[in-house]
Amino acid sequence: MMAQEMIPGAQALLRVFEEENVDVFFGYPGGSVIPIFDALYDSSIKCVLPRHEQGGAHAADGYARATGRVGVCMATSGPGACNLVTGLATAYMDSIPMVAVTGQVRTNLVGSDSFQEADVTGITIPITKHNYLVKEPYQIERFADVVREAFYLARSGRPGPVLIDVPTDVSSGCVPWTPRNIEALDAYEVPEPPDAAAIERAAEMIAKAERPVMMIGGGVVNGNASDEIRELSAKCNLAVVHTLMAKGCFPESHELSMGMPGMHGMAYASYAIQHSDLLVVIGARFDDRITGDLSRFAPDAQVIHIDIDPAEIDKVRYANIGIACDAKTATRALIEAATARERGAWEERLITYKREHPLGYTDDDELMAPQFVVEKLHEVTGGKAIIATEVGQNQMWAAQYYGLDEPRKWCTSGGLGTMGYGHPAAIGAQFGRPGELVVDIAGDGSIQMNMQELTTGTIHKLPYKIIILNNSFLGMVRQWQDMFYDKRYSGVDLTGNPDFVKLAEAHGAVGLRCGDRDKVVETLERAMEVDDGPVMVDFVVSKEQNVFPMIPAGKSFENLIGCPMARK
Amino acid sequence: MEIERTISVLVKNRPRVLARISGLFARRGFNIDSLAVSTTESEEISRMTISTTADPPTLSQIAKQVSKLHDVVKVIDHTNRRTVERELCLIKTSVDRGQRGELIALCDVFRGDIVDIGNGTVMVQLIGDTDKIDAFVELLADYDIVEMVRSGKIVLDRGAQKE
């Protein structure tokens, strides 16, 4: 037997990064990860230094969403690792493949409350798909495989973040460099090919349905199944609604796209679901923001539910047919089993309803409507930009008014609803897709949560744009206080915001401001011209615009508050 | 309709695996009525026997969610299977000399053992299924129970029968 090659743990880590084709990761150093940063000194892998570990985690997430590859971030022990927590929870809720490497105190100090020690594997159990503390001999001996396994787990099955906690003496000490051997994953099962009989029955149900609607979710993005969704819709003339996560998987400009349902979804999307007799649900999980009152959600519909995670089937809504399989394979099988179906009265009814109940807003305030800015952004960019969003009203207006025709152009914190996500996610997306236009649609509240990353953008000359819809309020909470709390505005007034133009300039970025309807296009065009660094545009908009339509929490389609009629 | 049912979870014998399982039950709001953890025929595998009370959809969710944990090798649902189910109980009662004979007779009926006699106390060990132990504990209500501990239920499926 050949002598086992022994190399420092830090080197083994980076060698596996190379095997996994990691071209860039987001890492913040600190005492316990110095050995890894030392090994990086001799490595060709690019490490981007965010200005806060949270920014690094969201950047890895944005990179993953925009590219489909595993995003990687790194932080030191204790506070550094704790700062990753929001980013991990965000990625976990949206099933985003990520590997986070954290430093840990020396193995002999673990558990002794030593300096910068935190029980990071304990803290992150509920927000990671799996995690490792590399402390026991059996793990140290197969450290290379632990890292490989982390990547494998992150991207396979239902993707998610995986954390590896590496004590300093493991990264600086020697570990055996072992060839890839991760069959130890015997307990981990990725769902099999779809049950042929279930696919046959699903095809029959589609053929017999009078009012079928397809509802697609984030599983279609993760499963790279957009082409199959289009094909199935074309063959069976199925109208398609998409959840927030699946934006772009079915072209929003398509006649049969019924938009996004749910709390702030389009009225026609909710209408389609509510009157359907068959929901073909692919890669979506019946989130409460979609269903509202579950007992009144799609009351007449039978459900075909395809999801890679068997635990999602029957979790919220009973499925008449449940198929645990990845979206691409299952949809492909369904296309082959299905008989072509003509477009009928139901589809005509939906198209008519959509035409008669469009999105709309009033724009009669002295200050312009925020929706107007998003509409113009769509115009100026031809609907081709990769969009990141913050969370709140800005996110919903982006979802409503920035129609997308392609997948992986949408980075938004859907499940967790993390303010401060969009800006670092835009940075991650820009690293992943350097030649393309990336825009963060932001509010004046959430942009301040990860403002520090402008420096990261400037240093790396990243030409992404931040569009602040500045209404001097925490708008979504203000809207709820307006509608459900007698306008008792509490804790939402952002008067006293910093000067965003100066703030951009202080970071070395370009800052622009526009409060005039007639100058929106011109301002956006100026922003697009900058190609050597970030641009932050402060759009001063109407202060008290609400997001409509709205189905209040826990209510159903009958309680939908429609859009005010557009006066344009 | 809520029913009680028992699952066995075979897990890799690794640090923190109990925290992963119990944390999952806690954060998803599943009940644990009883939990027993032990080694098995394989050094690498531990066995958790978990009893829970829930309605059928929740029970199915529990099994599916537990199965997703990377350290879980297998989930065995014992519902509607032929099983052997046991629990061990130790009960320390306060009895005076006059009551001892009566208590020993009671133990005989339940096939319990007296395992310790102290100054004014008698400790009984009882092995059986949960119902039997419940019944015994109920009878002992007439005595003063000083301390009691139950091991939690353990279950194995019975072997195959001849055709």
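No experiment lies behind these values; they were computed from the predicted model shown.

*Asks:* Looking at this model, I keep getting lost on the interface of chain B and chain A. Mind explaining?
*Replies:* How big an interface is tends to be stated in terms of the accessible area lost upon association of its parts. The interface is formed by 15 residues belonging to chain B together with 24 residues belonging to chain A. Interface of chain B and chain A: buried area, both sides summed, is about 1,600 Å²; carbon and sulfur atoms make up 50% of it. Considering only the side of chain B, the residues that lose the most area to chain A are B:Arg16, B:Arg20 and B:His70, jointly responsible for 40% of the buried surface there. On inspection of chain B and its partner chain A, the count reaches two salt bridges. A salt bridge links B:Lys68 to A:Asp309; the nearest nitrogen and oxygen atoms lie 2.4 Å apart. For the pair chain B and chain A, the number of links is nine residue pairs in polar contact (both at pLDDT 80 or more). Among the elements of the structure, α1 (17-27), α2 (56-68) and β4 (72-77) of chain B are those that each provide at least two residues to the side of chain B that touches chain A. Considering every element that reaches the side of chain B that touches chain A, the biggest residue donor is α2(B), with four residues.

*Asks:* What should I look at first to understand the domain arrangement of chain B in this one?
*Replies:* Residues and elements named next belong to chain B. Domain boundaries in chain B define domain 1 (3-77) and domain 2 (84-155). Taking both partners together, domain 1 and domain 2 bury about 450 Å²; carbon and sulfur atoms supply 42% of that area. Our count for the contact surface shared by domain 1 and domain 2 stands at one salt bridge. Residue Glu-4 is joined to Lys-153 by a salt bridge in which the shortest nitrogen-to-oxygen separation is 3.0 Å. Here domain 1 is connected to domain 2 by four residue pairs in polar contact (both at pLDDT 80 or more). Those elements that provide at least two residues to the side of domain 1 that touches domain 2 are β1 (3-12), β2 (34-39) and β3 (45-54). Broken down by class, the residue content of the side of domain 1 that touches domain 2 amounts to two nonpolar, five polar and two charged.

*Asks:* Teacher, can you tell me more about the packing of aromatic side chains here?
*Replies:* Two aromatic rings are characterised by how far apart their centres lie and by the angle between their planes. Residue and element names in this part refer to chain A. Applying the stated criterion to the full structure yields 11 aromatic pairs over all chains. With 5.7 Å between their ring centres and 70° between their planes, Phe-26 and Phe-431 make a pair best called edge-to-face. A residue pair is termed long-range when its members are at least 10 positions apart, and Phe-26 in strand β2 (residues 24-27) and Phe-431 in helix α19 (residues 422-432) qualify at 405 residues. We classify Phe-431 as buried; its relative accessible area is 14%.

*Asks:* Explain the sheet that holds strand β3 (residues 46-48) of chain A here, please?
*Replies:* Two strands in a sheet stick together by hydrogen bonds in their backbones, pointing the same way (parallel) or opposite ways (antiparallel). Residues and elements named next belong to chain A. Strand order in this open sheet of six strands is β3-β2-β4-β5-β7-β6, and the pairing throughout is parallel. Of all strands in the sheet, those with a lone pairing partner are β3 and β6 (130-133), marking the two edges. The sheet shows a mean angle of 20° between the axes of neighbouring strands, taken without regard to direction. Here β2 pairs with β3 via three bridges, running parallel. Note that in β3 the partner of Val-24 across the bridge is Lys-46. Each of β2, β4 (71-75) and β5 (98-104) is contacted by helix α1 (residues 9-19), which is oriented at about 165° to β4, the strand it contacts most.

Thresholds, definitions, all that
Residues numbered from 1 in each chain as written. Chains lettered and ligands numbered in written order. Predicted model: local features only at pLDDT ≥ 70, side-chain atom pairs only at ≥ 80, totals over all residues. Heavy atoms only, no water. Contact = heavy atoms within 4.5 Å. Buried area = accessible area lost by both parts, 1.4 Å probe. Salt bridge = Lys/Arg side-chain N within 4 Å of Asp/Glu carboxyl O. Polar contact = N/O pair within 3.5 Å; in protein donor to acceptor, adjacent residues only side chain to side chain. Helix = DSSP H or I, 4+ residues; strand = E, 2+ residues; numbered from the N terminus. Domains from an automatic or database assignment. Nonpolar A, V, L, I, M, F, W, Y, C, P; charged D, E, K, R; others polar. Phe/Tyr/Trp six-rings, centres within 6.5 Å; stacked < 30°, edge-to-face > 60°. Buried < 20%, exposed > 50% of the residue type's maximum accessible area, 1.4 Å probe, protein only. Pairing = 2+ DSSP bridges. Axes fitted to C-alpha atoms, helices over the stretch in contact; angles between N-to-C directions.

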